[in-house]
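Fold and contact review
The lines below spell out each chain.
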Amino acid sequence: MTPADLSMTVLHAVRRAVDENALRAPVPARVRVERTRPGGRGDYASAVALQLAGPAALTAREVAEILRERVVGAPGIGRVEITGPGFLNFTLDDSADVHRALLDRVREQGMRYGHGGALAGTPLRFGHSREVRAAVIADAVGGLARAQGARVSVGCDEAPDPDWARLGIIGDAREAEPSATEIRPVPAGATAGELLGRLGPDATRWGLLRPAGHDRAPLGDDLLVQGEGNALFVVRYAHARTHALTRGAALLGFTSAPGDTPAPEALALLALVADHPGVLLAAARHRAPDRLARHLEAVARAFLDFHDAASPLPVGDEKPSAAHRSRLALAEAAGTVLAGGLSLLGISAPAHL
């Protein structure tokens, strides 16, 4: 792990803490890390907790502990300690065992990777108006909460729109219970039928879910553009590309196998794959499917960067090697995360585009 990789890992921890409302402070543009000075602990240190303490109205050590919880276990980091008034100290661990265990876990759990029992048995009731964006967000929130073990009911305060079934919203006709938490996003400004006729179900759901509920949902035809400016296309293209790599490897006579410590280009993608369970839980707890959508976009873009920097398939006269099998294992894990996340948002993940 390079200092730049470590800086991005800590910055991502700050962003997660802010998204989860554990830390109320502006996210800095970058996090500075430097070699530990003589007498210090670990390989690198950062004073970011001291920087954020004032805006967060917490002590630096409290901020450091919040960040430590979100950095511990990240790929490439062996130990995180807090010293002095709130310095974070990092001991790196580029052990292949850490990466292998993560990729094995994703492969074993498949599209249920990230599902858990943090909300097991918790009864959650959601209600919404007869408005398409409220219905779609309530449906996605219900699915996220069920993936964490909650017992969920979703109700509408009026007879549901028949077109909602084409958006995958089934059995939503029950009346909202008086104690239900109301889902009230900024309305879409169009009916389900109008959006479906223009965008289709997948682009409609993405367009309604990707922005935070308190923001207006841009629902233009750019949701159908096949280009890197369209986040939905990027996510689905990246997923399809992971399947193409598996097919290509089969034609070359090899399969994936988590192995040696990956190239530095892989660490950003590994960190995002490792973050996936935490993102799912935060999205469920905060009724914010937009967090999952943003995470999927980050995974997709990190995968494409990794793919360009370290091809999982042999190039030119290369023969398949352990490095290629290891890269393919990471690519397949990224594809699993993308497919599982899209499924929870009610969006299809085709293997071909």
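Whatever comes next refers back to the structure up there.
A brief report on the enclosed structure follows. (Residues numbered from 1 in each chain as written. Predicted model: local features only at pLDDT ≥ 70, side-chain atom pairs only at ≥ 80, totals over all residues. Heavy atoms only, no water.)

1. Quick look at the sheet that holds strand S5 (residues 123-128)
In sheet architecture, strand pairing relies on hydrogen bonds along the backbone and comes in two forms, parallel and antiparallel. Strand order in the open sheet made by the 3 strands is S6-S5-S7, with parallel pairing throughout. Each of the sheet's edge strands pairs with one partner strand only, and the pair in question is strand S6 (151-156) and strand S7 (181-183). When the angles between neighbouring strand axes are averaged without regard to direction, this sheet yields 30°. (Pairing = 2+ DSSP bridges. Helix = DSSP H or I, 4+ residues; strand = E, 2+ residues; numbered from the N terminus. Axes fitted to C-alpha atoms, helices over the stretch in contact; angles between N-to-C directions.)

2. Here's the deal with unusual backbone geometry
The phi torsion at Asn-21 lies on the positive side, around 65°, for a residue other than glycine. By secondary structure assignment, the location of Asn-21 is in the loop between helix H1 (3-19) and strand S1 (34-35). The residue Arg-287 is not glycine, and still its phi comes out positive at about 50°. Along the chain, Arg-287 falls in the loop between helix H8 (267-285) and helix H9 (289-309). Overall, Arg-287 belongs to the partly exposed group, its relative accessible area being 40%. (Buried < 20%, exposed > 50% of the residue type's maximum accessible area, 1.4 Å probe, protein only.)

3. Overview of the pattern of salt bridges
What the rule picks out here adds up to 16 salt bridges. Between Glu-20 and Arg-16 there is a salt bridge, with the nearest N and O atoms lying 3.4 Å from each other. A salt bridge links Arg-301 to Glu-297; the nearest nitrogen and oxygen atoms lie 3.3 Å apart. Separated by 4 residues within a single helix, Arg-301 and Glu-297 lie in helix H9, roughly one turn from each other. The exposure class of Arg-301 is partly exposed, given its relative accessible area of 32%. By relative accessible area, Glu-297 is classed as buried at 15%. (Salt bridge = Lys/Arg side-chain N within 4 Å of Asp/Glu carboxyl O.)

4. Overview of the environment of Gly-189
Tracing the backbone through its elements, the reader meets Gly-189 in the loop between S7 and helix H6 (192-209). A residue is classified by how much of its surface remains accessible, and Gly-189, at 75% relative accessible area, is exposed. Sequence separation between Gly-189 and Glu-131 is 58 residues, and the spatial gap between their C-alpha atoms is 8.9 Å.

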